[in-house]
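Residues per chain, in single letters:
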Amino acid sequence: MYSDTELDVIAADGIKELNYKQKKLFLASLSRANADREKYKAELIKIIGDGVYNKLRDKFLSPDFREELIAGYEKRRVECVTVKSADYPYLLKNTPVPPLVLYVRGNRSLIDTRMLGVVGSRRTTAQVIEQCKNICAQLSAHVTVVTGVADGADTAAAKGGLETGNVACVLPYGHDADSTPTLREVEKNGLSISEFPPMTKAQRYTFTLRNRVLAGLCDGVLVVSAGEKSGALSTANYAADYSRDVFAFPYGIGVSSGVGCNTLIKNGAYLADCAGDVLRTLDIEEDVSEQPELDGDERAIVNLLKSEGEMHAQKIATRLNKKLTDIITVCSMLEIKRLIIRTGGNTFSAL
């Protein structure tokens, strides 16, 4: 299943006693193809000591150790995509600190597709949750939607992507630490990804490391909600550092869950309130044939809500010179077509 080179990387990553930099030195010191392997060996021994180095080398070369690792991963239905694997994501590989191994579960073929990150806050309004879900369903017809696993915006993005199966969740811990219904559904129809071996528990720093992987995988990142100090901004910052496109939902004055989004837009992020804004920037042609057909009244209501924002049905009826009962009927059809959302009572907003 794995080449000898891949097995070397998997074995090195499975050695808990070494950190990332030390694992790279360790691999370099044991590669017969590396003419400078003695230099790397000496450098690592200075850090961990000769005795520890020899002990870890014996462990690394042990067939029993390798077989135990692989058997444990297979039991968990986890596959290893290493930096030496043919399908290791190109964009991620060319970031400053690419993971040695990506541990994946689900449809592995998605790892080698064009990806777009969609992230946001746990404290996301119901209206934005629906907007995020709808937009991600549209985006997933063209790219793999990549998100996290938190409640709120991440879950909405995952559910939207599940409509096509082009969805991936990046975990801030190993696969053993999460079995939520949404993640199980993603792993059944899409893909879950972690740079951490399955047994790894969540730590504060692992969330930041996850954010860099999510940003590194993707052509761009869409932030649908973010407070002033939201973790979603960390992902957006990594995306900017990696020269990826950054998109953000716009928010009105005083909406706390959108302060971070507005700040991103002020600092140069693309304003995006529909899937088309993202796809056009990424030079992806939309399939207009899949857009729902609208009659005159439907189109008038959608255009009015897009231009004016949230409106009560009575106000819509007055503006369009229509009966209230007719407007409510048309709005109900537009809800089914997922073009507008009921935000309370007979108040509606465009998606």
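Preceding this section is the structure that the text describes.
What counts as what
- Residues numbered from 1 in each chain as written.
- Predicted model: local features only at pLDDT ≥ 70, side-chain atom pairs only at ≥ 80, totals over all residues.
- Heavy atoms only, no water.
- Helix = DSSP H or I, 4+ residues; strand = E, 2+ residues; numbered from the N terminus.
- Buried < 20%, exposed > 50% of the residue type's maximum accessible area, 1.4 Å probe, protein only.
- Areas by Shrake-Rupley, 256 points an atom, 1.4 Å probe, with all protein chains shown as cover.
- Lys, Arg positive; Asp, Glu negative; His and termini not counted.
- Charge placed at Lys NZ, Arg CZ, Asp CG, Glu CD.
- Arc of directions from axis to C-beta.
- Contact = heavy atoms within 4.5 Å.
- Core = buried A, V, L, I, M, F, W, Y, C linked by side-chain atoms within 4.5 Å.
- Salt bridge = Lys/Arg side-chain N within 4 Å of Asp/Glu carboxyl O.
- Pairing = 2+ DSSP bridges.
- Axes fitted to C-alpha atoms, helices over the stretch in contact; angles between N-to-C directions.

A. Spotlight on the overall build of the chain. Assigned secondary structure in the chain consists of 16 helices and 12 strands. Projecting the C-alpha coordinates of the chain onto the three principal axes gives extents of approximately 85 × 35 × 35 Å. Looking at the chain as a whole, 50% of its 351 residues are labelled buried. Entry remark: accessible area of the chain is about 17200 Å², with carbon and sulfur atoms responsible for 48%. With 44 positive and 45 negative side-chain charges, the chain shows a spacing of 5 Å between the two charge centroids.

B. Summary view of unusual backbone geometry. In this structure, Ser243 is a non-glycine residue whose phi angle is positive, near 65 degrees. Its location among the elements puts Ser243 in the loop between α11 (231-241) and β8 (245-248). Despite not being glycine, Asp283 shows a phi value in the positive range, around 60 degrees. Along the chain, Asp283 turns up in the loop between α13 (275-281) and α14 (296-308). Residue Asp283 is classed as exposed on the basis of its relative accessible area, which comes to 71%.

C. Local environment of helix α15 (residues 313-320). Taken residue by residue, α15 has Ala313, Ile316 and Ala317 as its buried positions. Around the axis of α15, the buried residues are gathered within 100 degrees of arc, so they sit on the same side. Buried residues along α15 sit against α14, β10 (311-312), α16 (324-336) and β12 (347-350). Among the residues trailing α15, Asn321 stands out with phi positive, at a value near 55 degrees.

D. Structural context of the nonpolar core. Counting residues in each nonpolar core, the largest one holds 81 residues, and the members touching the most others are Leu102, Val118, Leu139, Leu222 and Val223. The biggest single contributor to this core is helix α7 (residues 126-139), with 6 residues. Not counting residues up to four positions away in its chain, the partners in contact with Leu139 are Leu116, Val145, Leu222, Ala275, Val278 and Leu279. In terms of nonpolar packing, the next biggest core, distinct from the first, is built from 16 residues, Leu304, Ala317, Leu334 and Phe348 among them.

E. Broad picture of the pattern of salt bridges. Overall, the coordinates contain 16 salt bridges when judged by the stated rule. Across the pair Glu79 and Arg108 runs a salt bridge, and its minimum N-O distance is 3.2 Å. Of the two residues, Glu79 sits in strand β1 (residues 79-82) while Arg108 sits in the loop between β2 (101-106) and β3 (115-119), which places them 29 residues apart along the sequence. Assessed through its relative accessible area of 25%, Glu79 is described here as partly exposed. Residues Lys337 and Glu298 are paired through a salt bridge, measuring 3.1 Å at the closest nitrogen-oxygen approach. Taken together, the residues span a long stretch of sequence, with Lys337 in the loop between α16 and β11 (340-344) and Glu298 in helix α14 at a distance of 39 residues. Exposure remark for Glu298: the relative accessible area of 6% places this residue in the buried category.

F. Layout of the sheet that holds β12. Taken in spatial order, the 3 strands line up as β10-β12-β11 in an open sheet, and their pairing is antiparallel. Of all the strands in the sheet, the pair left with one neighbour each is β10 and β11. Bridge count for β10 against β12 is 2 bridges, and the pairing is antiparallel. Paired with His312 across the strands is Thr347, a residue of β12. Against the sheet, α14 contacts β10, β11 and β12, and its axis sits at roughly 85 degrees relative to β12.

G. Spotlight on the sheet that holds β2. Taken in spatial order, the 9 strands of this open sheet run β1-β2-β6-β5-β4-β3-β7-β8-β9, and their pairing is mixed. Looking at strand neighbours, the two that pair on one side only are β1 and β9 (270-271), the edges of this open sheet. As paired elements, strand β5 (residues 167-170) and strand β6 (residues 191-194) share 3 bridges and run parallel to each other. Across the sheet, the residue bridging to Cys169 is Ser192, located in β6.

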